[in-house]
Amino acid sequence: MTGLGIERPTRRGLLAGSGALIVSFSMLSRAFCQEGEVQNVGREPEVAPELPGSLSEDPILDSWIRIDPDGGITVFTGKAELGQGVKTAIIQIAAEELEVDPAAIELVTADTGRTPNEGFTAGSQSMQNSGTGIRHAAVQVREILIGQAAGRLQLGVDQLRAEAGAVVAPDGRRLPYGELVEDQLLHIEAVPQTRLKPTDQFRIMGTSMPRVDIPAKVTGGPAYVQDMRLPRMLHARIIRPPSYQARLLEFDAAPVEQMPGVVSIVRDGSFLAVVAEKEFQAIKAMRALSTRARWQEEASLPPSADLPQLVRDIPVHEDGIVAEVLAAPVGVEKTYEATFTRPYQIHGSIGPSCAVGLFENGVMTVWTHTQGVYPDRKAIAEMLGMPPEQVRCIHTEGSGCYGHNAADDAAADAALLAHAVPGRPVRVQWMREQEHAWEPFGPAMVTHVRAGLNSSGRIAEWNYELWSNTHTTRPGPAGALLAARHLAQPFPPQEPKLQITPSGNGDRNADPLYTIPSKRVVWHFLKDMPLRVSALRALGAYANVFSVESTMDELAIMAGVDPVEFRLRHLDDPRARDVIVKAAEQFGWATTTMPPNHGRGIGFARYKNHAAYLALVVEVEVERDSGRLRIVRAVAAIDSGEIVNPDGIRNQTEGGILQAASWTLYEAVSFDDTRITSIDWSSYPILRFGAVPDSIEVHIMDRPGEPFLGTAEAAQGPTAAAIGNALRDATGKRFTDLPLNRARVKQLIGA
Amino acid sequence: MAVTLSVNGQSHTVESELDTPLLYVLRDDLGLNGAKYGCGLGQCGSCTVLVDGAPVFSCVTPILLLEGREITTVEGLGTVDEPGPMQRAFIEEQAAQCGYCIPGMMMRAQALLERNPSAGDAEIRAALEPNLCRCGTHMRILKAVRRAGQLMQSAAAPGASEGAAS
């Protein structure tokens, strides 16, 4: 089936003789992406901006929903399951508005051969974009089917209702959806206005429907691209250069070619790989070839001992004004000033990146856990010198990614190797040390804040600067792919550009939501990237919220005001206030006193200043002798707008808290002047069970009828902030450098 | 070289070099998905399976050590249609995000609960220490293992109508 449907990517839906609606996927051939993570891909003006969600990118209803004559319903989303539960939530939305059982829906996710182009699955945007678009499309499809039935039954549409996959008349007559489908019926443009079902009539949305993907994952079903076994499939491994600037000088292939199972050794410039019949044969050949390859390395990395200095030493390319309220500060009496840092950190998927490629009949098919099948296709096509129409990228789940990890790079590897060994599928998985060393890291950042209080204890001025690379070097361009940079004819990385967008990038959440009469927020944009970087869950919001919320606590202490109260005094948005009050109440902020060596802290942010609201209170315990910090409990309140799946929101939020806790307590990439040296779980430790809190509570605000706000990244910044503030409460010391590891804590508290 | 391995109660003869880690034989020769490659170093636990009831890192255990021993993978705990108590517990607690680490977690927990189905929270945490989760599903994994212990105990109780599928 490879290549099916991709030869004519602009075709619109057409009809099989039976009257089935074949979904078209009117691909508006524009690589678009969401949420300001757009450093390298230009966003063109939207075609129909008044249409809700992703319908504005592809307005044709049957791009999203297909109904077959036998009643089968297929829903198409350009978003991908990353372990965040998006498949389940989209099925719930579609089933709700189509008035069918969730089990009646087959969901097809990101596939350049079948689904609309929804850019990247990133930025906690899937519900706002795809969820909203599919919800409106489902309502409109249902209304069209009711209209069809009204004509057939000679009844008014208001006499009919949809129920269990059929339109039902008052006298009980039922016309199943499949019988109502006619030629081109759904091949029409969506309309901007839709009467969404009110929350009090929900059957499926708002319930904790179990995740559709979990049963296979816990019983050994084929759940991941890593589990793919195509007929005659080969296994490959890459021999990566030992460091960023290393060039392959020579290698001795002959002994390796004689090894059992070895099919091919592929070399193009500094891209070197082995292809073998079986996986462990490929690994043994990779190891053998590694010892027979000679590289020329270059000491290109900056000194790592002083991270703030490293970041500050990178020349500032350009300043971006993120926010500016030009009023002369009035009556500043006290000032707080501090510098905060965040190191390079990894995505660290438990399963190293993997892809399967097949080059057959002039068509390249790549099964990949990329976050963006269309941008990945564009990059791979450019790398291979093929027309994009002859490349198909099919999303297949991988291990959780948490942003732009090595998924796209593995897809490029698989494509190159499949191209070199045509006719047989080639599966390539990265080794642990390759994933750790070569994935694009979350960029190191330095922030500096100077904030002033007036005599009534209110913030009178706020000056905030941040130094950061871009947080997005995703495909689109072939130069975003690691292997493409290593080819004899290399594709250089695209030059990063400063862009100030509403969603933010390195500057995400740099502008505090608090009401402040005079403020200036500046991004000192660093173009040079000594270490490879890109999007890590929450982008700049992690370090910015840590900095802003640490400062809020210091200002509260200066003002002699309780930190919860201090925040509330500076917040006008009632939904922001509600999550803070909720988290504080549920924690028992007003009534709980901390035992010795325990502390409590709060962190708050509205993600991107326009998405989910999240407040988190944590209690920590500090072992003074060792400097070990343990989170005892965490209580969060989140407002994600209309709730589709409460347990899904809880699961994502619990996970966000624990992952951000791991970043905050332990994690920093290490390197010497040439090589990345954090290359496994021993040199880059993360959270283990011994340090998991006693409890985590997540309280969800009920917001019936409100737009979806997304969930997945809301906890990252507030978690770092709450931990830092709790540590301050426990020790009296302000910690400004992440991670808050044992050595640092011990040093600062002088134990 | 032909090696005979007993996996999930069935005997399999595979052609493989003796230094091949069990993980690759399970995945490539026997077509089992449960054990996952995570690090190849015994640092993350996503490849965990049971050998004679004890958890081992299959990524660093060569098959030459395994003839005559009983190997159990997550596929041996039940099926999607008839999940065993450990699998039921993980489904009921929705204890997965990406799920990649989960089979390894389940096998390590299975080894603990087979010794001590009433293991408490501290014992479960200690037992799971070698296994990494990156999505932050830890709280649910802990709940699921406690629930699995309860399911095993009630299945083993006198008069229980259905036996545990493990």
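Calculation criteria
- Numbering of residues starts from 1 in every chain and runs along the sequence as written.
- Starting at A for chains and at 1 for ligands, labels are handed out in the order in which the entities are written.
- Residues qualify for local features only when their pLDDT is at least 70, as the model is predicted, and side-chain atom pairs are given and counted only at 80 or more; totals for whole chains, interfaces and linings, by contrast, use all residues.
- We count a stretch as a helix when DSSP gives it H or I for four or more residues in a row; a strand needs E for two or more, and each element gets its number in order from the N terminus.
- For the radius of gyration, the atoms used are the C-alpha atoms, and the globule rule reads 2.2 Å times the number of residues raised to 0.38.
- Around each residue's C-beta, the other C-beta atoms within 10 Å are counted; 20 or more make the residue buried, 12 or fewer make it exposed, and counts in between make it partly exposed. All C-beta atoms are placed from the backbone.
- For every residue pair, C-beta atoms are placed from the backbone, and the pair is scored as a contact if these atoms sit within 7 Å.
- Residues are grouped as follows: Ala, Val, Leu, Ile, Met, Phe, Trp, Tyr, Cys and Pro are nonpolar; Asp, Glu, Lys and Arg are charged; all remaining types, including Gly, are polar.
- Pairing between strands is defined by DSSP: at least two bridges between the two strands are required.
- Axis lines are fitted to C-alpha atoms, over the contacting stretch for helices. Their N-to-C directions set the angle, which ranges from 0 to 180 degrees.
- The term nonpolar core means buried Ala, Val, Leu, Ile, Met, Phe, Trp, Tyr and Cys residues held together as one set by C-beta atoms within 7 Å.
- An automatic or database domain assignment supplies the start and end points of every domain.
- Here the expected length of a helix is defined as 1.5 Å per residue gap, with one fewer gap than residues.
- Per-residue confidence from the predictor is reported as pLDDT, which spans 0 to 100.
- Working definition: roughly parallel below 35 degrees, roughly antiparallel above 145 degrees, roughly perpendicular at 65 to 115 degrees, and oblique for all remaining angles.
- For a crossing to be left-handed, the near helix must be turned anticlockwise from the far one by less than a right angle; the clockwise case is right-handed.

Trainee: An account of the overall build of chain B is needed here, citing residue identities and associated values.
Mentor: Counting its regular elements, chain B contains five helices and five strands. Moving toward the C terminus, one meets the helices and strands of chain B in the order β-β-α-β-β-β-α-α-α-α. Whereas a compact globule of 166 residues would reach a radius of gyration of roughly 15 Å, chain B reaches 15 Å, a difference of no more than 12%. Counting only C-alpha atoms and orienting by the principal axes, one finds that chain B spans roughly 45 × 35 × 25 Å. Buried residues in chain B amount to 57% of all 166 residues. Counted over contacts in chain B with a minimum sequence separation of 6, partners at least 24 positions apart contribute 59%.

Trainee: Describe the overall build of chain A, listing the residues and the values that go with them.
Mentor: Across its full length, chain A holds 17 helices and 24 strands. In terms of C-alpha radius of gyration, chain A reaches 27 Å, essentially the compact-globule figure of 27 Å for 751 residues. Expressed as lengths along the three principal axes of its C-alpha atoms, the size of chain A is roughly 80 × 75 × 45 Å. Looking at chain A as a whole, 57% of its 751 residues are labelled buried. In chain A, the share of contacts with a sequence separation of at least 24, taken over all contacts with a separation of at least 6, comes to 79%.

Trainee: Break down the interface of chain B and chain A for me, citing the residues and quoting the values.
Mentor: Opposite the 47 residues of chain B that make contact, chain A presents 48 residues. Residue composition of the side of chain B that touches chain A, grouped by class: 23 nonpolar, 18 polar and six charged.

Trainee: Quick rundown of the sheet that holds strand E12 (residues 316-325) of chain A? Include the residues and the values.
Mentor: Residues and elements named next belong to chain A. The sheet built from five strands is open, its strands ordered E12-E20-E19-E18-E13 with mixed pairing. Sheet topology places E12 and strand E13 (332-342) at the edges, where each strand pairs with a single neighbour. Mean inter-strand twist for the sheet, computed between neighbouring axes without regard to direction, equals 10 degrees. With eight bridges joining them, E12 and strand E20 (residues 519-526) adopt antiparallel strand pairing. Following the sheet pairing, Glu 324 is matched in E20 by Arg 520. Docked against the sheet, helix H12 (residues 541-559) engages E13, strand E18 (445-454) and strand E19 (459-468), running at close to 150 degrees with respect to E13.

Trainee: Which residues make up the nonpolar core, and what values go with them?
Mentor: Ranked by size, the top nonpolar core spans 269 residues in total, and within it A:Val274, A:Ala414, A:Ala583, A:Leu614, A:Leu616 and A:Ala636 carry the most contacts. For this core, the element with the highest residue contribution is H12(A), accounting for 10 residues. Viewed by domain, this core spans two of them, domain 1 (2-73) and domain 2 (85-156) of chain B, each represented by three or more residues.

Trainee: Lay out the domain arrangement of chain B in plain terms, naming residues and giving numbers.
Mentor: Residues and elements named next belong to chain B. Each assigned domain of chain B is listed with its residue range as follows: domain 1 (2-73) and domain 2 (85-156). For domain 1 versus domain 2, the separation of C-alpha centres amounts to 21 Å. Across the contact, 13 residues belong to domain 1 and 12 residues belong to domain 2. Breaking the side of domain 1 that touches domain 2 down by element, the ones donating at least two residues are strand E3 (48-51) and strand E4 (54-57). It is E3 that contributes the most residues to the side of domain 1 that touches domain 2, three residues altogether. A per-class count over the side of domain 1 that touches domain 2 returns seven nonpolar, five polar and one charged.

Trainee: I'd like a rundown of the pairing of E19(A), residues and numbers included.
Mentor: All names here are of chain A. Of all 10 residues making up E19, eight are buried, and the element is well covered by its neighbours. By the bridge criterion, nine bridges tie E18 to E19 in an arrangement that is antiparallel. Bridging across to E19, Val 449 finds its partner in Tyr 464. In textbook terms, the turn of a hairpin is the stretch between consecutive antiparallel strands, and for E18 and E19 this stretch comprises four residues, one of which, Gly 457, has a positive phi near 75 degrees. With seven bridges connecting them, E19 and E20 associate as parallel partners. Considered in E20, the bridge of Trp 467 is made with His 524.

Trainee: For the sheet that holds E4(B), give the residues involved together with the corresponding values.
Mentor: Residues and elements named next belong to chain B. Reading across the sheet, the five strands line up as E2-E1-E5-E3-E4 and stay open at both edges, with mixed pairing between neighbours. Both edges of this open sheet fall to strand E2 (10-15) and E4, since each of them pairs with a single strand only. Strand-to-strand twist of the sheet, defined as the mean angle between neighbouring strand axes without regard to direction, takes the value 40 degrees. The sheet contact formed by E3 and E4 spans four bridges and is antiparallel. Bridge pairing in E4 links Leu 50 to Pro 55. Together, E3 and E4 form the strand contacts of helix H3 (residues 102-115), whose direction differs from that of E3 by roughly 35 degrees.

Trainee: Tell me about the environment of A:Ala605, and name the residues and values.
Mentor: Residues and elements named next belong to chain A. Note that Ala 605 resides in strand E21 (residues 598-606). The class of Ala 605 is buried, set by 32 C-beta atoms lying within 10 Å. Once the C-alpha coordinates of Ala 605 and Thr 339 are considered, the two residues, 266 residues apart in sequence, prove to be 20 Å apart. Non-local contacts of Ala 605, meaning those with residues more than four positions away in its chain, are made with Asn 509, Ala 541, Val 545, Leu 614, Gly 717 and Pro 718.

Trainee: Residues and numbers for helix H2 (residues 126-153) of chain A, please.
Mentor: In this model, H2(A) (28 residues) spans 39 Å end to end at C-alpha, consistent with the 40 Å of a helix rising 1.5 Å per residue. Positioned one or two residues after H2(A), A:Gln154 has a phi angle of 55 degrees, which is positive.

Trainee: An account of the confidence of the model for chain A is needed here, citing residue identities and associated values.
Mentor: All names here are of chain A. Residues with a pLDDT of 70 or more make up 93% of chain A, whose mean pLDDT is 93. Between residues 1-36, whose pLDDT stays under 50, and residues either more than four places distant or in other chains, the model counts 106 contacts. Within the model, the stretch residues 38-48 combines pLDDT values under 50 with 30 contacts to residues more than four positions away or in other chains.

Trainee: Tell me about the environment of A:Asp158, residues and numbers included.
Mentor: On the secondary structure map, A:Asp158 appears in the loop between H2 and strand E4 (161-163). Counting along the chain gives 11 residues from A:Asp158 to A:Ala169, while the straight-line C-alpha distance between them is 9.9 Å.

Trainee: Tell me what's going on with the packing of H3(B) against helix H4 (residues 121-128) of chain B, and back it up with residues and numbers.
Mentor: Residues and elements named next belong to chain B. Relative to each other, H3 and H4 sit at 130 degrees, their axes nearing to 10 Å. In terms of their interaxial angle, H3 and H4 are classed as oblique. In this structure, H3 meets H4 at a crossing whose hand is right-handed. Here Met 105, Arg 108, Ala 109 and Leu 112 of H3 come into contact with H4, specifically with Glu 123, Ile 124, Ala 127 and Leu 128. Class assignment of the residues belonging to the contact of H3 with H4 gives a composition of six nonpolar, no polar and two charged.

Trainee: Talk me through the environment of B:Cys135; I want residue IDs and the actual numbers.
Mentor: Along the chain, B:Cys135 falls in the loop between H4 and helix H5 (138-156). The exposure class assigned to B:Cys135 is buried, which follows from the 28 C-beta atoms found within 10 Å. In this structure, B:Cys135 is in contact with A:Gly83, A:Gly400, A:Gly655, A:Gln659, B:Gln97 and B:Cys98, ignoring residues within four places of it in sequence.

Trainee: How would you summarise unusual backbone geometry if you had to cite specific residues and measurements?
Mentor: With an omega of -5 degrees, the peptide bond between A:Leu738 and A:Pro739 qualifies as cis. Secondary-structure assignment places A:Pro739 in the loop between helix H16 (716-731) and helix H17 (742-749). Phi angles above zero are rare outside glycine, and A:Arg232 is one such case at about 65 degrees. The residue A:Arg232 is located in the loop between helix H4 (214-219) and strand E7 (234-239) in this model. Taking the number of C-beta atoms within 10 Å as the measure of exposure, A:Arg232 has 9 and is therefore exposed. If you check the backbone angles, B:Asn8 has positive phi at about 50 degrees while not being a glycine. You can see B:Asn8 is positioned in the loop between strand E1 (2-7) and E2. Classification of B:Asn8 as buried rests on a count of 20 C-beta atoms within 10 Å.

Trainee: Can you tell me about the confidence of the model for chain B, naming the residues and giving the values?
Mentor: Overall, the predicted model of chain B reaches an average pLDDT of 94, with 95% of residues at or above 70. With pTM at 0.94, the complex prediction returns an ipTM value of 0.95.

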